[in-house]
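# Results of the structural survey
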Amino acid sequence: MTLNLYWRLDPAAEPARGEPHERPATGYLPREARTRSLTRYDYYAQVARAAAITGFDGLFVAYRPDSDDSQIVAAAVARGAPRLRLIPEFPSTVGSAVYAAKQAVSFQRATHNRLGWAIVSNPADEEDAERIREFLHVARGVHGQQPFDHKGQFFAVQGGGFKAPLANVPFPPVFLSGADEAALQLSAHAADIHLFDDVDLDRLRERAETLDRLTLAADRNVAIGVVARVTARETDDEAAGAGGEGIAGSYAAVADRLVALHAAGVTHLVLSAPQSVEEAYRIGQFVLPLVRARTSALRTAA
Amino acid sequence: MSIDFYWRLPTHGCHSTIRHGSYDRGDWSPLAPGNQTPGLTAEGEDDGFRYIDHLAEIAKAAELSGFIGGLIPSFPNTDDPWAISPLLARETETFRFMIAFQPGFLDPVHAARLSASLQRATGGRTVFNIITGGGGPSQLWWGDDFTHDDRYGRTTEFLDVFRGVWSGQPFDYQGLFYQVEGERLSPLLAREEVPEIWFSGSSDAALQSAAKHADYYLSWLEPYEQLTDKFARVKQRTAELGGEQKCAIRVDLVARPTEEEAWRDVRIGFENVTDETRAQWRGQPTDSIGASRQAALRPTEAKRWDDLIVGKNLWGGFNLLRGGPSLGIVGSYEQCAEQLDELIGRGADAFILAGTPHLEEAYRIGEEVLPLLGRTAAKQFLLEAAE
């Protein structure tokens, strides 16, 4: 039971950082040497490299309609961060499921299969769960079968399906999320990994059991993940002083919590903290080694 | 006056020479010794390169040798331009990504956000080649069962919404195909320029849509008189409809130091065409008017390579040598430049050029043909005629 550790980039966070339009125009003593070709994307690329260098397995990119699109960001940083998996978050309303599958195939081919899909659900949209289910059915269908036919509520395909060399590319692992029974039901049928928010271990176990029951009934396997803000510092006091959001404490204390989640069955951890580059280094350098050492000891003991 | 020259990124593999039809660059043929991206190590294992690495080299060659960007085609069996463009954004500097795109693929508001983000990633290097025609089984393959004229209606509405939300103000729209309420791009995204839009399609439904939204009308190369008439008609009709249209041509070249060398490569290429290839290109079903015009040349039935010479330095058998349009230009560097000059005289404002192999020919045409433009006899003749 390997533990997968991801960093999460939020394109809307720290909006001034790397943004050419936010540079002070006047009253500035140092000579300005930054050109127009230095952009916010240089910052995104650095977050990705920070995650790769410090030993994260992958990078989630949050869906923020008012900021840069997650799929553009994921692709733009992919070639500069070898081996890092890239998981853009996006809703199922982006367009055709066939087209999404085709874009995914090209991304997989270009990056040695490093893509994941985190489908964002919208609880305010009544049809959303049904659309996600159909979106994934069609995307997986054209991806894995030829000819593939489908006529549903949202999508219709005739004689679909990819031919070599676009065929036989691994379909991206699908991450879904949500805490209620409907979300768990959807994941039982359509997700590869279900992501929970970080909650206390008892509630997490309870929801995980519900998911397991639904998954068993659907004759599938769904892994469990947790998404968490992290505030890690050298001491517990400093972490509390830094705002103490999310999983907060000394490096050892944060590692304890992550190991406890893993012991409770969590195999995917999606971590984030502002500011993204500095904290990726901090957590990657000081927390992940503790987690890795102890989870591999767990595996050996098991 | 300056002319925009684009190159083409072959998104379905490439041949190492126009003389042979084997796709030995990319993985559209089984991995074998001699293939590239992916290739084989000395030990006979996958060398880890991927086709995107080859596309990166072509894009770099094109921008180094003077092309403003490249068309990235989209067909069922190609890699996808929306995946390729952001992947290559950070390793190119001036190369414009001309994304071939069918409006039915993406929600228009999402497409606007994607485009603005790509503009930010590239410093404004996104261009759209909007494809509306096509039809036949491939449309159903894409999950699109719209009829020909409905598709142009949808394209118009798609671009209405795409531009509407780009204003940055809350935008409402009640169309037949799209309805939006209060949607907009954020100030961060709306600050970017709307991508230039290239359009094709010769039917009146297409021209109505183009007049409203397109910057360039794109045509495959056709016999020159026909093309001159078409450009004149497009410019006139779109002007009547209140638009202004520049015209562009997509054409392959075989340019060599001498005319003999150019025709020799074409002849060898023709002689190596297999029956299988002929069968593959024979009678491809489509309801695109432009494609039907090209098919009228019937190169699949030709017995001799020179039966397909349809004019000075014009050869009508290119679709036998690689997928795509049949008519192309063959000649010395000087002659190729003359043909392009003549097309400029006939109303072309921009070009998408291509040559096989795409990497090496980007350098050759960029270095040998483009610098001759505006200096050839054809151009001098036109200048004199204008006086």
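Before reading further, recall that the structure is shown in the block above.
All values derive from a computational prediction rather than experimental measurement. (Residues numbered from 1 in each chain as written. Chains lettered and ligands numbered in written order. Predicted model: local features only at pLDDT ≥ 70, side-chain atom pairs only at ≥ 80, totals over all residues. Heavy atoms only, no water.)

## A look at the overall build of chain A
A count of helices and strands for chain A gives nine helices and 11 strands. Compactness check: chain A gives a C-alpha radius of gyration of 20 Å against a globular reference of 19 Å for 302 residues, within 12% of the reference. Expressed as lengths along the three principal axes of its C-alpha atoms, the size of chain A is roughly 65 × 50 × 35 Å. Residues counted as buried form 53% of the 302 residues belonging to chain A. By element, 50% of the accessible surface of chain A is carried by carbon and sulfur atoms, the whole surface being about 13,200 Å². Averaged over its 32 positive side-chain charges, chain A has a centre that lies 8 Å from the centre of its 37 negative ones. (Helix = DSSP H or I, 4+ residues; strand = E, 2+ residues; numbered from the N terminus. Rg over C-alpha atoms; globule rule 2.2 N^0.38 Å. Buried < 20%, exposed > 50% of the residue type's maximum accessible area, 1.4 Å probe, protein only. Areas by Shrake-Rupley, 256 points an atom, 1.4 Å probe, with all protein chains shown as cover. Lys, Arg positive; Asp, Glu negative; His and termini not counted. Charge placed at Lys NZ, Arg CZ, Asp CG, Glu CD.)

## Remarks on helix α8 (residues 251-263) of chain A
Residue and element names in this part refer to chain A. For α8, spanning 13 residues, the distance from its first C-alpha to its last is 18 Å, which sits close to the expected 18 Å at 1.5 Å a residue. Among the residues of α8, Tyr251, Val254, Ala255, Leu258, Val259, Leu261 and His262 are the ones counted as buried. In an axial view of α8, the angular spread of the buried residues amounts to 155°, which keeps them on one side of the axis. Gly265 sits one or two positions beyond α8 and adopts a positive phi of about 110°. (Expected span 1.5 Å × (residues − 1). Arc of directions from axis to C-beta.)

## Quick look at the packing of helix α1 (residues 51-64) of chain B against helix α2 (residues 81-88) of chain B
How two helices pack is summed up by the angle between their axes together with the distance between the axes. Residues and elements named next belong to chain B. Packing of α1 against α2 leaves a shortest axis separation of 11 Å and a crossing angle of 65°. When you trace α1 past α2, the crossing you get is right-handed. Together, Ile52, Leu55 and Ala56 of α1 and Ile84, Leu87 and Leu88 of α2 make up the contact between the two elements. Looking at side-chain class alone, the contact of α1 with α2 contains six nonpolar, no polar and no charged residues. (Axes fitted to C-alpha atoms, helices over the stretch in contact; angles between N-to-C directions. Left-handed = near helix turned anticlockwise from the far one by under 90°. Contact = heavy atoms within 4.5 Å. Nonpolar A, V, L, I, M, F, W, Y, C, P; charged D, E, K, R; others polar.)

## Remarks on the pattern of salt bridges
All names here are of chain B. A complete count under the given rule lists 43 salt bridges over all chains for this structure. Among the salt bridges present, the one from Asp204 reaches Arg237, with a minimum N-O distance of 2.9 Å. On the criterion of sequence distance, the pair formed by Asp204 in helix α7 (residues 204-213) and Arg237 in helix α8 (residues 224-240) is long-range, its members being 33 residues apart. Salt-bridge contacts for Arg364 lead to Glu361; the nearest nitrogen and oxygen are separated by 2.9 Å. Of this pair, Arg364 and Glu361 are both found in helix α14 (residues 358-369), three residues apart, which corresponds to roughly one turn of the helix. On the basis of relative accessibility, which here comes to 3%, the residue Glu361 falls in the buried class. Connected through shared salt-bridge partners, Arg19, Arg256, Asp265, Glu361 and Arg364 make up one network. (Salt bridge = Lys/Arg side-chain N within 4 Å of Asp/Glu carboxyl O.)

## Here we look at the layout of surface pockets
Size it by volume and the second largest pocket reaches roughly 1,000 Å³. Lining the second largest pocket we find 39 residues, and of these Gly95(A), Ser96(A), Phe154(A), Gly104(B) and Tyr178(B) sit closest to its centre. Secondary structure elements with two or more residues in the lining of the second largest pocket: α3 (97-111), α4 (128-144) and β6 (156-160) of chain A together with α3 (108-122) and β6 (179-183) of chain B. Across the lining of the second largest pocket, the residue classes tally to 20 nonpolar, 10 polar and nine charged. (1 Å grid on protein atoms, 1.4 Å probe; cavity = no way out; pocket = protein on both sides within 12 Å on 5 of 7 lines; lining within 4 Å. Points joined across faces, edges and corners; volume = space filled by probe spheres on them.)

## Regarding the interface of chain B and chain A
With 43 residues of chain B in contact, the opposing surface of chain A contributes 46 residues. Roughly 3,900 Å² is buried in total at the junction of chain B and chain A, and carbon and sulfur atoms are behind 52% of that figure. Broken down residue by residue, the surface that chain B buries against chain A is led by Leu87(B), Arg90(B) and Trp141(B), which jointly contribute 19%. Our count for the contact surface shared by chain B and chain A stands at seven salt bridges. The partner of Asp79(B) in a salt bridge is Arg109(A), with the nearest N and O atoms 3.0 Å apart. Among the elements that make up the side of chain B that touches chain A, the one with the highest residue count is α3(B) (seven residues). Of the residues assigned to the side of chain B that touches chain A, the class counts are 22 nonpolar, eight polar and 13 charged. (Buried area = accessible area lost by both parts, 1.4 Å probe.)

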